[in-house]
Amino acid sequence: MFANPKTLARKGVLGMNKRNIDFIGKYNPRHLYKLVDDKLMTKQLALKNDIATPGLIGVIRQQPEISGLPDMVKGKKGFVIKPAQGSGGKGILVITHVEDGRFYKPSGDEVTPSEMDRHCSNVLSGLFTLGGKTDVAVVEDLIQFDPVFDGYSFEGVPDIRLIVFKGYPIMGMLRLSTHASDGKANLHQGAVGVGLDLVTGKGLHAVQYDRPIDLHPDTGKKLTDIQVPHWDRLMTTAAGCYEMSGLGYLGTDMVLDVEHGPQLLELNARPGLAIQTANARGILPRLKQIQSLGDVPVPVEERIAYVKKHFNPDSGI
Ligand SMILES: Nc1ncnc2c1ncn2[C@@H]1O[C@H](COP(=O)(O)OP(=O)(O)O)[C@@H](O)[C@H]1O
Ligand SMILES: [Mg+2]
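Residues numbered from 1 in each chain as written. Chains lettered and ligands numbered in written order. Predicted model: local features only at pLDDT ≥ 70, side-chain atom pairs only at ≥ 80, totals over all residues. Heavy atoms only, no water.

In the annotation of an unreviewed UniProt entry, the entry for the protein chain reads Alpha-L-glutamate ligase-like protein, and the organism field reads Paraferrimonas sedimenticola.

Structure representation (structure tokens):
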């Protein structure tokens, strides 16, 4: 499957050029990118559209506002500070425990007030932002990750990526961190990708470093035994991100909160192609089939029913 470009094209594998020109270029209007490249805008949009996302505690826009952080998070058991325009996990500070006005990371290490100030200051100055533009710090509620994936993920938080084309969630994968990926759910850093059955949310096939694997490399658990819970809500949430963002070719990243269920973490207007490897299946035939449906608006429930009927392990594409 991963031989030369001609073989790949025959198998319906979408390559980078075609993705950029025929899909991103054609279905993602440039002026809408800012909605997904800025996590604050995405969050405000999600809140307006009743799409579940970690609650917004506050925003720090200017250096003098940094001293207001302790008051902003008063009474919170935990919170997260992230650069609105960050990516790849850079500049994200997770505080899981607050005691007597002191802040603690998941490791148990304390973040002192001066370290906290410096971190916020670094976020505002654009240290974690592409191109070094100044940024704002988003302070949001801590997600209490659902323990269903315990044993499947090593030192990190699994997330669920769905590719949504013209509002149809057409391919999905679960990303699991590993020792090699240093707790990050990034496939290039050695995370495991598990392709998912769109009908049930069950694991179908798994890869690490683009090669098929059966067992999680650190925990030994069988990867195709995985069943993602709240599957229909994940599908509905992802599909709704089309109307919310106006982007035709979209990657939605969601996580499961133990109390509040699926939460949208971020949207991506240039989602990667490795989801095909995780599913051992090219995405192009599915894209073409959705294109063939034309442009008549279809309600979310019907789109999901369509996908389940036509894009399943027995349907051939
Ligand atoms: N609200 C939150 N609660 C707990 N962990 C979070 C929260 N937001 C982000 N994280 C952690 O940070 C990682 C990256 O966050 P994300 O918002 O996707 O930013 P990035 O664009 O940098 O990938 C997540 O996969 C998760 O592990
Ligand atoms: Mg992310």
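Caption draft 1: Examining the site of ligand 1 more closely. Around ligand 1 sit 17 residues in total, of which Lys39, Lys82, Gly89, Glu140 and Glu266 are the nearest. One nitrogen or oxygen atom from the main chain of Gly89 is found 2.5 Å from an oxygen atom belonging to ligand 1. Contact between ligand 1 and Glu266: an oxygen atom at 2.9 Å from a side-chain N or O atom of the residue. When isolated, ligand 1 has an accessible area of 550 Å², and the protein chains bury 85% of it. Partitioned by chemical class, the residues of the shell around ligand 1 number eight nonpolar, four polar and five charged. Among the domains, domain 1 (5–36 + 147–310) and domain 2 (55–141) are the pair contributing at least three residues each to the shell around ligand 1. (Near = heavy atom within 4 Å. Polar contact = N/O pair within 3.5 Å; in protein donor to acceptor, adjacent residues only side chain to side chain. Areas by Shrake-Rupley, 256 points an atom, 1.4 Å probe, with all protein chains shown as cover. Nonpolar A, V, L, I, M, F, W, Y, C, P; charged D, E, K, R; others polar. Domains from an automatic or database assignment.)

Caption draft 2: Layout of the packing of aromatic side chains. Counting across every chain of the model gives eight aromatic pairs. When the ring of Phe23 is compared with that of Phe165, the centres are 5.6 Å apart and the planes differ by 75°; the resulting orientation is edge-to-face. Within this pair, whereas Phe23 is found in helix α2 (residues 16–27), its partner Phe165 is found in strand β8 (residues 159–165), the two being separated by 142 residues in sequence. Note on Phe23: relative accessible area 2%, which makes it buried. Given a relative accessible area of 0%, Phe165 falls into the buried group. On the basis of an interplanar angle of 75° and a centroid distance of 5.8 Å, the ring pair of Tyr168 and Tyr306 is categorised as edge-to-face. Here Tyr168, found in strand β9 (residues 168–176), pairs with Tyr306, found in helix α10 (residues 300–310); they are 138 residues apart in sequence, far enough to count as distant. Note on accessibility: Tyr168 and Tyr306 belong to one class, buried. (Phe/Tyr/Trp six-rings, centres within 6.5 Å; stacked < 30°, edge-to-face > 60°. Helix = DSSP H or I, 4+ residues; strand = E, 2+ residues; numbered from the N terminus. Buried < 20%, exposed > 50% of the residue type's maximum accessible area, 1.4 Å probe, protein only.)

Caption draft 3: Up close: the environment of Lys90. With respect to the helices, strands and loops of the structure, Lys90 is situated in the loop between β2 (79–83) and β3 (93–95). Residue classification places Lys90 among the partly exposed positions, given a relative accessible area of 46%. On a C-alpha basis, the gap between Lys90 and Ala52 in space is 23 Å, while along the polypeptide they are 38 residues apart. Excluding residues that lie within four positions of it along the chain, Lys90 makes contacts with Pro83 and Phe128. (Contact = heavy atoms within 4.5 Å.)

Caption draft 4: Examining unusual backbone geometry more closely. For Tyr209, which is not glycine, the phi torsion reads 50° and is therefore positive. Mapped onto the elements of the fold, Tyr209 is located in the loop between β11 (203–208) and β12 (211–212). Assessed through its relative accessible area of 41%, Tyr209 is described here as partly exposed.

Caption draft 5: Geometry of the sheet that holds β3. The strand order across the open sheet built from four strands is β1-β7-β2-β3, with neighbouring strands paired in antiparallel fashion. Sheet topology places β1 (56–60) and β3 at the edges, where each strand pairs with a single neighbour. Within this sheet the neighbouring strands show an average axis-to-axis angle of 15°, counted without direction. As paired strands, β2 and β3 are joined by three bridges and run antiparallel to one another. By the bridge assignment for β3, Ile81 is matched with Leu93. Sitting on the sheet, helix α6 (residues 113–125) touches β1, β2, β3 and β7 (137–141), and the angle it makes with β2 is about 35°. (Pairing = 2+ DSSP bridges. Axes fitted to C-alpha atoms, helices over the stretch in contact; angles between N-to-C directions.)

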